[in-house]
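Observations on the three-dimensional arrangement
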Amino acid sequence: MNRFSRSIIVLFACALLPFAAQSQGKVVRVGVLMPISGPGSYFGVMGKEGIELALEQVGKTDLKGTKLQVQYEDSACSPLQATNAVKRLLDQFKPHIVIGEECSDATLAIAPILEQAKVVQLNAGSVTMKLTESGYKYVFRIFPNAEQQSAPLVRVAREKLKAQTAVILYEKTNAGNDNAEGFEKPFVSAGGKVLAKIDFGRDVNDFTAIATRIASLGKVDVLPTFALEGQQVRLSQALAQARVVKGGGGSGVQMGSIWLPWGYDQKAGQAALGYVRIVQFDPTEKRKIVQDFIKAFQAKYGADKTPTHINAHAYDALLLVAEAVRRGARDSEGIREQFSKFKDLEVTTGRITFDRKGQNSDLSVVHFVETQKDLSWKGVSWQ
């Protein structure tokens, strides 16, 4: 090859550089931190299902030439593993936005890291008040916080269930503590009496002693419970065996916020009877966007599968990123700007309006359900 030919090739390659850069600029990188291992691994399985479905749906729409690229990391519901995972994402993947984590302690661990990197964090499943009360500019959450969940729980306990007494059960985490405190204060202020607050670590598997202690306290009207699904199943069964709750022939009503996915009732069996709780997604809701989502979900994953709130809020999170891109966002700053403008945006879980702290202020994402004798749930309009 002569010198002239080499020069032409070099010039041609240089001419292509702007086009290559322009092409790279049309990819928005989405990091996803989910617990794929550990006691919260069901979050990761269901969350990935929701995001993969959303990617398919978004791929059929016009994002003005922009592609969404997703990379998953296992954060294990653990602050340490989540910290290592987000640092790896930032170093290797360089995301414009990170969706995650599901567990509050892990979410709080990664928030300052993403804030320092000026990368948007979109949280879909953590309840702790600290996340949106810490002054972060790059944090947004579509999940109702502890106060937004506890206030309607207390209102239902006092006004609908006529509860006078309560025993609060919760895991020893930021989420558990915030939920417990969020229920206790307004319940007592409304005239109720908390007979006991009982916390436990995630390593506890036998709840017989706790159920026996509760049975000795006398009549308990409601038992607000805040823990991951595995412990909630075992706790409900122990309470039923001790004849504390309706599922065991007692009078107490277990209550809960958005911790349990669709399918908990079948796992807990008859012990789940009468359980009143908040869910972020109700598959029995008749809104078109909900029914379209269910049809698409079942077409992809099986006609016998009902999407959970975890599937739904992960799906919604990816749709919000796509909507920001559709409105012109091409990097983290653009996504932050567009998120800040979201008002009354309909998704499968409800509607999204971010307040100045990045918290969704629309309580349409709070749905009450009650477990029936056949272990199905009935949507109830209590909010």
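Residues numbered from 1 in each chain as written. Predicted model: local features only at pLDDT ≥ 70, side-chain atom pairs only at ≥ 80, totals over all residues. Heavy atoms only, no water.

Quick look at the overall build of the protein now. Each helix and strand counted, the protein has twelve helices and 14 strands in total. Relative to the globule expectation of 21 Å for 383 residues, the C-alpha radius of gyration of the protein, 23 Å, shows essentially globular dimensions. The principal-axis extent of the C-alpha atoms belonging to the protein is close to 95 × 40 × 35 Å. Expressed as a percentage of the 383 residues in the protein, the buried residues total 55%. Here the analysis covers contacts within the protein between residues at least 6 apart in sequence; of these, 67% occur between residues at least 24 apart. With the model as given, the accessible surface of the protein reaches about 16,200 Å², and the carbon-plus-sulfur share is 52%. Both charge centroids of the protein, one from 48 positive and one from 39 negative side chains, sit 3 Å from each other. (Helix = DSSP H or I, 4+ residues; strand = E, 2+ residues; numbered from the N terminus. Rg over C-alpha atoms; globule rule 2.2 N^0.38 Å. Buried < 20%, exposed > 50% of the residue type's maximum accessible area, 1.4 Å probe, protein only. Contact = heavy atoms within 4.5 Å. Areas by Shrake-Rupley, 256 points an atom, 1.4 Å probe, with all protein chains shown as cover. Lys, Arg positive; Asp, Glu negative; His and termini not counted. Charge placed at Lys NZ, Arg CZ, Asp CG, Glu CD.)

In this section: the layout of surface pockets. Here the largest pocket defines a volume of roughly 230 Å³. Lining the largest pocket are 13 residues, and of these Val 58, Tyr 315, Leu 319, Glu 323 and Arg 326 sit closest to its centre. Taken together, the elements giving at least two residues each to the lining of the largest pocket come down to α2 (41-59), α11 (309-326) and β11 (345-347). Here the lining of the largest pocket takes six residues from α11, the largest share from any one element. (1 Å grid on protein atoms, 1.4 Å probe; cavity = no way out; pocket = protein on both sides within 12 Å on 5 of 7 lines; lining within 4 Å. Points joined across faces, edges and corners; volume = space filled by probe spheres on them.)

For the rest of this paragraph, the subject is helix α7 (residues 208-215). Taken residue by residue, α7 has Ile 210, Ala 211 and Ile 214 as its buried positions. An end-on view of α7 places all buried positions within 95° of arc, on one side of the element. On the buried face of α7, the contacting elements are β6 (165-171), β7 (193-200), β8 (222-226) and α8 (229-241). (Arc of directions from axis to C-beta.)

Before going further, it helps to spend a moment on helix α4 (residues 104-117). Counted at 1.5 Å a residue, the expected span for α4 with its 14 residues is 20 Å, and the 20 Å between its end C-alpha atoms agrees. For α4, the principal kink sits at Ala 111 and spans about 30°; a proline, Pro 112, occurs within the next four residues. Within the span of α4, buried status applies to Ser 104, Ala 106, Thr 107, Leu 108, Ile 110, Ala 111, Ile 113, Leu 114 and Glu 115. Buried residues belonging to α4 abut β1 (27-34), α3 (79-93), β3 (97-99), β4 (120-123), β5 (139-141) and α6 (174-189). One or two steps after α4, the chain reaches Lys 118, where phi turns positive at roughly 60°. (Expected span 1.5 Å × (residues − 1). Bend = angle between axes of the 7 residues up to and from the residue.)

With that settled, consider the sheet that holds strand β14 (residues 377-380). The seven strands lie next to each other as β7-β6-β8-β9-β10-β13-β14, forming an open sheet whose pairing is mixed. Edge positions in the sheet fall to β7 and β14, since each has one partner strand and no second. Here the average twist between neighbouring strands, direction ignored, is 25°. Pairing between β6 and β8: three bridges, direction parallel. Across the sheet, Ala 166 pairs through a bridge with Val 222, a residue of β8. Strands β6, β7 and β8 of the sheet are contacted by α6, whose axis makes an angle of about 165° with β6. (Pairing = 2+ DSSP bridges. Axes fitted to C-alpha atoms, helices over the stretch in contact; angles between N-to-C directions.)

Tallied over the full model, the rule gives 20 salt bridges. A salt bridge links Glu 133 to Lys 357, with the shortest nitrogen-to-oxygen separation between them at 2.9 Å. Of the two residues, Glu 133 is situated in the loop between β4 and β5 and Lys 357 in the loop between β12 (350-352) and β13 (367-371); the sequence distance between them amounts to 224 residues. For Glu 133, a relative accessible area of 44% gives the class partly exposed. The class of Lys 357 is partly exposed, set by a relative accessible area of 30%. Glu 181 is the partner of Lys 185 in a salt bridge, and the nearest nitrogen-oxygen pair spans 2.8 Å. (Salt bridge = Lys/Arg side-chain N within 4 Å of Asp/Glu carboxyl O.)

Moving on, we come to the pairing of β13. For β13, a buried count of five out of five residues is recorded, marking the element as mostly surrounded by other parts of the structure. Residues of β13 alternate between two faces, with His 367, Val 369 and Thr 371 on one and Phe 368 and Glu 370 on the opposite face, all of them buried. As defined by bridge partners, strand β10 (residues 276-279) adjoins β13 across four bridges and the pair is classed as antiparallel. Counterpart to Val 276 in the pairing with β13 is Glu 370. Pairing between β13 and β14: four bridges, direction antiparallel.

A few words on the nonpolar core. Counting 42 residues, the largest nonpolar core has Leu 68, Ile 99, Leu 122, Leu 320, Phe 339 and Phe 354 as its most contacted members. Breaking this core down by element, the ones donating at least two residues are β1, α2, β3, β4, α10 (288-301), α11, α12 (332-341) and β11. Counting residues per element, this core draws most heavily on α11, at ten residues. Leaving out residues up to four positions away in the same chain, Phe 354 has contacts with Leu 122, Phe 140, Arg 141, Ile 142, Leu 320, Phe 339, Phe 342, Lys 343, Gln 359 and Asn 360. Of all hydrophobic cores here, the second largest spans 35 residues; its members include Val 127, Tyr 170, Ala 180 and Ile 278. (Core = buried A, V, L, I, M, F, W, Y, C linked by side-chain atoms within 4.5 Å.)

So, about the packing of aromatic side chains. Taken as a whole and assessed by the stated rule, the structure comprises 13 aromatic pairs. On the numbers, 5.3 Å between centres and 80° between planes, the contact of Phe 140 with Phe 339 is edge-to-face. Taken together, the residues Phe 140 in strand β5 and Phe 339 in helix α12 connect sequence positions 199 residues apart. Judged by centre distance (4.9 Å) and plane angle (50°), the ring pair of Phe 297 and Tyr 301 falls under tilted. Separated by four residues within a single helix, Phe 297 and Tyr 301 lie in helix α10, roughly one turn from each other. On the accessibility criterion, Phe 297 (0% relative accessible area) is buried. Ring pairs connect the aromatic residues Phe 281, Phe 293, Phe 297, Tyr 301 and Tyr 315, which therefore count as one cluster. One Lys or Arg, Lys 48, reaches over the ring of Tyr 72 and ends 4.9 Å from the middle of that ring. Cation over ring: Arg 336 sits above Tyr 138, and NZ or CZ is 4.8 Å from the ring centre. (Phe/Tyr/Trp six-rings, centres within 6.5 Å; stacked < 30°, edge-to-face > 60°. Lys NZ or Arg CZ within 6 Å of the ring centre and 35° of its normal.)

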